[in-house]
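# What the coordinates show
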Amino acid sequence: MSNIGSYEKRLSDFDWGQARETLGWKDGELLNIGAMCSDRICAEGHGERTALIWEGFGNKSGKYTFDDLRLYSNGFAQFLKDQGIKPGDRVCIFMDKIPSLYFSFLGILKLGAIAQPLFSAFGDESLEVRLASAGTKAILTTKKHVKKVRKIRERLPELETIVVVEGNPSKLRDDEVFFDVEEAPKVDVFDVYKSTPETPSVLHYTSGTTGQPKGALHVHSSVWGQALTTSWVLDLKPDDVYWCTADPGWVTGTSYGIIGPWSLGVTQCVLDSGFTSRRWYQFIQDNRVTVWYSAPTAIRALMKDGDEVVKEFDLSSLRFLASVGEPLNAEAVIWSGEVFNGLQFHDTFWQTETGAMMITNYPGMEIRPGSMGMPFPGITACVLDLKTHEPLTEPGKVGLIAFRPGWPSMFRQYWKKPDIYRSKFVGASDDAMPDQLRTDTSLWYVSGDRASIDKDGYYWFVGRDDDVINTGGHLVGPFEIESALVEHPAVAEAAAIGKPDEVNMEVVKAFVTLKPGFEPSDDLELEIMNFIRKRLSPLAMPQEIEYMDKLPKTRSGKIVRRYLKALEWGEDVGDLSGLDDD
Ligand code: WT7
């Protein structure tokens, strides 16, 4: 029997109180995700249960119980407190998927500080922009990545503490501290910060069309939404072995790679090594993985490697598969059913801002391959007319996916950007503050995606409503790439768009004009690509650079990415002369 039972019944008698009940939380009690995912599980008598099965590069591995989680998160919390970190301070986690990432995440939350996880493949510029925006006070990193922090440190006056975890303490600078939680004296008791449901917990940076990335701020009560969706959608039960393939630098890796499963006391696996189909299947086989949450790009890459590889492994432990991050094409759903003992990937739709799943396919529900499924019980969703912003009632009509505010895991603000937060709500008054917006159920929160709803209520994704590039399930902002491109000495002007790609859905393509004295060449193209890879990340690196004499612009001189994208995708370009600035 699945945890959700009947979807229809859950819809009819839904109340978020069921989430609080699932977690055994009562009004007025302390609510702290760090404690909930470790101390609470131990207090319920499951301290000896395995919490984390970890495998890294070079055959490194580790196994940790919930009691280890409790002790090591206490260790990080106490250490950071001794370093002068206070509740509300932003503490960045900048490391590969090593065990300390998971321990420190819970430790930061136990201390009442705000965890700011960043993808370890980010280059110094991507890192700097996000640390400067958040006014980050401390960063936890490793030897491998600390060089990038050193490069930008001088420009970040608010960054007081640099901690290097694991490895050996040699060759650190005087202003860096070393801390290996597994070697340090155990901290059996830590006085967990008295956080309430509205205390800030996690700050995730996400990209938009304009401007630099914005920090979506979450709070401790996000766990209600994350735990309930983990239970009802991923169907996790105490004896499951769960694998979420996402990196906690992105929201899937925290909401469903840390908080959801551990708040329910479920064992999870982490694989921190490069992708190959065989390595992944081996991991499932060795650890007897039962529930697997992954992304369309990975599924397409597995599919490309073929059915024969799958047959080399015993994957009979698998019982439920789900996917998120980008459109899951029907072929991938059908293929998974054919090769994984009849199990099809269940698509789920949500965002950094929503904190938890919003539209999903449920255990027991008929999957319509290519559809994202239906809204989670407790979520009021619709599609809004593209122009009037009125809810559409006609099946099949394309509109903007929108949600009524007020679900527990909804982001509470964009860090220090109230105007951008307000702009995400249809019907908001000009002076509405974030706290009013997030509770006003007469408004619609607009996701920035287009979809249609069929006559039976299934949602079908159409595309994004903006210029953000989705490559392999990771959002990349064109503005961030363009800003970095024009820092290259040869580049005068630049535009970045997504170009279709068989596996990654989109990859970055850049159009540039050169400064006088520079000539287009293949060498220069490579040089510019590498420049972006190092400064931003491999994800943001253009796979192709096209030299232009001039870029298409509006009358007032704004570059029109839409035009370049239409050309690239072979769509109708339209009349450029009529382009306005909006
Ligand atoms: C954007 C959010 C939420 C986890 C990871 C991404 C796209 C997400 C789907 C899906 C089609 C999807 C949307 C969305 N997206 N899930 N099932 N089908 N598109 O979080 O980085 O905030 O990205 O990813 O465009 O707005 P994110």
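Everything numeric in this text was worked out from a predicted model, so none of it was measured.

### Section: the overall build of the protein
- Scanning the protein for helices and strands turns up 19 helices and 27 strands.
- For a compact globule of 582 residues, the expected C-alpha radius of gyration is about 25 Å, and the protein comes in at 23 Å, within 12% of that figure.
- Relative to all contacts within the protein whose residues are 6 or more apart in sequence, the contacts with residues 24 or more apart total 68%.
- Put simply, the protein has 63 plus and 84 minus side-chain charges, and the middle of one group is 3 Å from the middle of the other.

### Thoughts on the nonpolar core
- Phe105, Leu234, Tyr242, Trp262, Tyr293, Phe376 and Phe403 are the most contacted members of the largest nonpolar core, which has 106 residues in total.
- Residues contacting leucine 234, with those up to four places away along its chain left out, are Thr229, Tyr242, Tyr256, Val291, Tyr293, Phe320, Ala322 and Met357.
- Counting 40 residues, the second largest nonpolar core, distinct from the first, contains Val149, Ile528, Ile532 and Leu539.

### Considerations on the packing of aromatic side chains
- Taken as a whole, this structure holds 38 aromatic pairs when the rule is applied.
- When the ring of tyrosine 72 is compared with that of phenylalanine 103, the centres are 5.0 Å apart and the planes differ by 50°; the resulting orientation is tilted. Here tyrosine 72, found in helix α5 (residues 66-82), pairs with phenylalanine 103, found in helix α6 (residues 99-110); they are 31 residues apart in sequence, far enough to count as distant.
- Here tyrosine 72 falls in the buried class, since its relative accessible area comes to 8%.

### A word on the domain arrangement of the protein
- On domain assignment, one finds that the protein holds domain 1 (1-29 + 222-376), domain 2 (31-37 + 66-220), domain 3 (380-465) and domain 4 (467-582).
- Taken over C-alpha atoms, the centre of domain 1 sits 24 Å from the centre of domain 3.
- Residue-level contacts link 24 residues of domain 1 with 19 residues of domain 3.
- Contact between domain 1 and domain 3 buries roughly 2000 Å² in total, counting both sides, with carbon and sulfur atoms accounting for 66%.
- Inspection of the domain 1/domain 3 interface yields two salt bridges.
- Salt-bridge contacts for arginine 368 lead to aspartate 456; the nearest nitrogen and oxygen are separated by 2.9 Å.

The rules behind these values
Per chain, residue numbering runs from 1 following the sequence as it is written. Per-residue local features are limited, in this predicted model, to residues with pLDDT of at least 70; the limit for side-chain atom pairs, both in listing and counting, is 80 or more; totals at the level of whole chains, interfaces and linings are taken over all residues. As a convention, hydrogens and water are excluded, and side-chain values are obtained from all of the structure's heavy atoms. Helix numbering and strand numbering both begin at the N terminus, where a helix is a DSSP run of H or I of at least 4 residues and a strand a DSSP run of E of at least 2. With C-alpha atoms as the basis for the radius of gyration, the globule rule is written as 2.2 Å multiplied by the number of residues raised to the power 0.38. Here, two residues are considered to be in contact whenever any of their heavy atoms come within 4.5 Å of each other. When charges are counted, neither His nor the chain ends are considered; positive counts come from Lys and Arg and negative counts from Asp and Glu. One atom stands in for each charge, and that atom is NZ of Lys, CZ of Arg, CG of Asp or CD of Glu. Nine residue types can take part in a nonpolar core, namely buried Ala, Val, Leu, Ile, Met, Phe, Trp, Tyr and Cys, and a core is a set of them joined through side-chain atoms within 4.5 Å. A 1.4 Å probe rolled over the protein chains alone gives each residue an accessible area, and that area as a share of the maximum for its type sets the label: buried under 20%, exposed over 50%, partly exposed in between. Only the six-membered ring of Trp is used, alongside the rings of Phe and Tyr, when aromatic pairs are assigned; centres must lie within 6.5 Å, and planes under 30 degrees apart are stacked while those over 60 apart are edge-to-face, with the rest tilted. Domain start and stop positions are those given by an automatic or database domain assignment. Computed with a 1.4 Å rolling probe, the buried area is the accessible surface lost when two parts are put together, summed over both parts. Any Lys or Arg side-chain nitrogen found within 4 Å of a carboxyl oxygen on Asp or Glu counts as a salt bridge.

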